Amino acid sequence: MSNEYLKKGAYTAFFTIASVQTFAATPVDFSDLVEKVSPAVVSVNVVKKLSEEELLQQQIPEILKRFFGNQVVIPQKQVPQEKTGYGSAFFIGKDGYLLTNHHVIENASKVTIMLNDRRELDATVVGSDARTDVALLKVDGKNFPELRTGNVDNLKVGEPVLAIGSPFGFDYSASAGIVSAKMRNMHGEATVPFIQTDAALNPGNSGGPLFNQKGEVVGVNSRIFSGTGGYMGLSFSIPIDVAMDVADQLKKNGKVTRAYLGVSLQEIDRTLAEAYKLPKPEGSLITQVTQGSPADKAGLKSGDVILKLNGVPILSTVELFASLNRAVPGQTLNFEILRDDKRQNKSATLTTAPDDTPANSPNTAKPNAGPVLGVSIRNLAPTEMERLDTKGGVLIQDVRAGGIAATAGIMPGDVIIQINNSEIKDSEQLIKVVSELKKGSVARVTLIRQGARGIVGMRIS
């Protein structure tokens, strides 16, 4: 190969790299888009009445609280007062319907919107859904500027996005960024597969639109992840298809009806994938099946791994939740599951979701020593079993650092109810089952933590 060719190749490579770097450093110009879509974005001002407790707390001088605490004498009767809040919203129809967040208008006594021409209009709350954090507003009038909605499925990680809203009350502020991730769960929330971006969102941006480069709304800006209350590079938006589905139901019925399967699910991690002999972490693990639910009637069980839904592979629990949230009551779903190392097919017909009922945590009592796992344990009292809806179980009271249980992520307060296919009724059975596990194997431990059931992989060393 000649030196001349090498020089030419090196020059070409350098030119290509330089071009990529120059392109990457060039910001996206959203100026035309901002001018086009801003008229359909509004500021939301909310008036909320202070509760009596909030009012009393506000009227206690901080210096008195510091010195006298609860001994400060407060008048019994107070004149009702109000507080104000703010957020953002946007028109989804020329007939005056707007989308915003539930938390923006929650407990509001009065809602007012301000258009970009400074006009103020009183708004009516048509309906609101706390689980998805979506609310539908309506103002009187017609021929309002309407925003187009985009296809969230076509949204790509790394794609530029634009947010418009009223951070800290500064209306019509634009901020831009990229899509950082899709289908994010927030602290175990399963209702919304959030779009994560690095667009700067702050208090007041809530309820505003997230745009793609075509000027289509792809999300409703909902929350930030912050240790200070301000923007720290992690912002989350509700996918527009989820928000529009909620809005349509609120418009038609005044409430949101969801389909119900009756299972608790968790992700498959590397250790659990090995325990279930899966080639990689995939699928979704059923940790609990509600008695009498569609899942129970379909024959689904705790410990099953859902691998496919209607023939489509399930890569993660978040993906499965997104599919289940799009289902409707009366719809029949076909599942391919993994049970006892064998694949099976199950069908479940969904019903209407009931209200959620959280479980309570167990109390404490006298411990028994557990010599195998590196834990201190005790049996559950009958009242605790009734409270946790279980026929047995062993409470973990202490975990030795570096032990088998600690390495598996088992913590004090956990209640072990099953190991592999063996139900754990008491501490004696726990010790017996663990003593029969082979060294180097990975056991599936089903437990209850803070009222919720889960499964961890425990490697026996």
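Structure first, text after, so check above.
Here goes a summary of the coordinates provided. Computed from a predicted model, the values in this text were never measured in an experiment.

Criteria and cut-off values
- Residues numbered from 1 in each chain as written.
- Predicted model: local features only at pLDDT ≥ 70, side-chain atom pairs only at ≥ 80, totals over all residues.
- Heavy atoms only, no water.
- Helix = DSSP H or I, 4+ residues; strand = E, 2+ residues; numbered from the N terminus.
- Buried < 20%, exposed > 50% of the residue type's maximum accessible area, 1.4 Å probe, protein only.
- Contact = heavy atoms within 4.5 Å.
- Areas by Shrake-Rupley, 256 points an atom, 1.4 Å probe, with all protein chains shown as cover.
- Core = buried A, V, L, I, M, F, W, Y, C linked by side-chain atoms within 4.5 Å.
- Pairing = 2+ DSSP bridges.
- Axes fitted to C-alpha atoms, helices over the stretch in contact; angles between N-to-C directions.
- 1 Å grid on protein atoms, 1.4 Å probe; cavity = no way out; pocket = protein on both sides within 12 Å on 5 of 7 lines; lining within 4 Å.
- Points joined across faces, edges and corners; volume = space filled by probe spheres on them.
- Nonpolar A, V, L, I, M, F, W, Y, C, P; charged D, E, K, R; others polar.
- Phe/Tyr/Trp six-rings, centres within 6.5 Å; stacked < 30°, edge-to-face > 60°.
- Lys NZ or Arg CZ within 6 Å of the ring centre and 35° of its normal.
- Patch = residues over 30% accessible without salt bridge, like charges linked within 9 Å, V, L, I, M, F, W, Y side chains within 5 Å.
- Salt bridge = Lys/Arg side-chain N within 4 Å of Asp/Glu carboxyl O.
- Lys, Arg positive; Asp, Glu negative; His and termini not counted.
- Charge placed at Lys NZ, Arg CZ, Asp CG, Glu CD.

1. A word on the overall build of the chain
The secondary structure content of the chain amounts to 12 helices and 27 strands. Every one of the 461 residues in the chain was classed for burial, and the buried ones make up 44%. Across the chain, the fraction of contacts at a sequence separation of at least 24, relative to all contacts at a separation of at least 6, is 60%. Looking at the chain as shown, the accessible area adds up to about 24,900 Å², and 51% of this sits on carbon and sulfur atoms.

2. Some words on the nonpolar core
In this structure, Phe-90, Leu-99, Phe-211, Ile-238 and Ile-240 are the most contacted members of the largest nonpolar core, which totals 37 residues. Counting residues per element, this core draws most heavily on helix H6 (residues 240-253), which supplies 6 residues. Here Phe-211 is in contact with Leu-33, Val-37, Val-41, Leu-147, Pro-160, Val-161, Leu-162, Ile-164, Glu-216, Val-217 and Val-218, once residues within four sequence places are set aside. Of all hydrophobic cores here, the second largest spans 23 residues; its members include Leu-373, Ile-404, Ile-410 and Ile-416.

3. Side note on the environment of Lys-48
Note that Lys-48 resides in strand E1 (residues 41-49). Relative accessible area serves as the criterion here: at 17%, Lys-48 is assigned to the buried category. Residues Lys-48 and Gly-85, 37 residues apart in the sequence, show an inter-C-alpha distance of 7.7 Å. In this structure Lys-48 touches Glu-82, Lys-83, His-103, Val-104, Ile-105, Glu-106, Asn-107, Ala-108 and Ser-109, once residues within four positions along its chain are discounted.

4. Things to note about the sheet that holds strand E9 (residues 194-197)
Pairing is antiparallel around the closed barrel formed by 6 strands, whose spatial order is E7-E8-E9-E12-E11-E10. Here the strands of the sheet are splayed against their neighbours by 45° on average, with no regard to which way each runs.

5. Considerations on the layout of surface pockets
In this structure, the second largest pocket spans a volume of roughly 180 Å³. As for the second largest pocket, its lining consists of 15 residues, of which Ser-302, Gly-303, Asp-340, Asn-421 and Arg-444 are closest to the centre. The set of elements that each furnish at least two residues to the lining of the second largest pocket consists of strand E18 (332-339) and strand E26 (442-449). A class-by-class count of the residues in the lining of the second largest pocket yields 3 nonpolar, 6 polar and 6 charged.

6. Observations regarding the packing of aromatic side chains
Here the structure, examined in full by the defined rule, presents 2 aromatic pairs. Here the aromatic rings of Phe-91 and Phe-144 are separated by 4.7 Å at their centres, their planes lie at 10°, and the arrangement is stacked. One end of the pair, Phe-91, is in strand E2 (residues 82-91); the other, Phe-144, is in the loop between strand E6 (134-138) and strand E7 (160-165), and 53 residues separate them in sequence. Neither residue differs from the other here; Phe-91 and Phe-144 are each classed as buried. Ring centres 6.2 Å apart and planes at 75° place the aromatic pair Phe-194 and Phe-236 in the edge-to-face group. Of this pair, Phe-194 sits in strand E9 while Phe-236 sits in strand E12 (residues 235-239); the two residues are 42 residues apart in sequence, bridging distant segments of the chain. Over the ring of Tyr-97 we find Lys-138; its NZ or CZ atom is 5.5 Å from the centre of that ring. Geometry around Tyr-97 places Lys-251 over its ring, the cationic atom sitting 4.3 Å from the centre.

7. A short note on the pairing of E1
Strand direction decides the pairing type here: E1 and E2, joined by 9 bridges, are antiparallel. The residue of E2 that forms the bridge with Val-42 is Ala-89. Bridge analysis of E1 against strand E4 (residues 110-114) gives 5 bridges, and the strand direction is antiparallel. Bridge pairing links Val-44 to Ile-113 in E4.

8. Description of the sheet that holds E2
Ordered in space as E1-E2-E3-E6-E5-E4, the 6 strands form a closed barrel in which the pairing is antiparallel. Within this sheet the neighbouring strands show an average axis-to-axis angle of 40°, counted without direction. The pairing of E4 with strand E5 (residues 120-129) spans 4 bridges and is antiparallel. Across the sheet, residue Thr-112 finds its bridge partner in E5, namely Asp-122. Along the sheet face, H6 touches E2, strand E3 (97-100), E5 and E6 and points at about 55° away from the line of E6.

9. What about a negative patch on the surface?
Judged by side-chain charge, Asp-153, Asp-241, Asp-245 and Asp-248 come together as a negatively charged surface patch. When you line up the elements, Asp-153 lands in the loop between E6 and E7. When its relative accessible area of 60% is taken as the criterion, Asp-153 is described as exposed.

10. Section: the pattern of salt bridges
Within this structure, the stated rule accounts for 12 salt bridges. Across the salt bridge formed by Arg-339 and Asp-304, the nearest N and O atoms sit 2.7 Å from each other. In this pair, Arg-339 sits in strand E18 while Asp-304 sits in the loop between helix H8 (294-298) and strand E16 (305-309), placing the two residues 35 residues apart along the sequence. Overall, Arg-339 belongs to the buried group, its relative accessible area being 14%. A salt bridge links Glu-436 to Lys-432, with the nearest nitrogen and oxygen atoms 3.0 Å apart. One exposure class covers both Glu-436 and Lys-432, and it is exposed.

Scope: geometric values only; no functional claims are made or implied.
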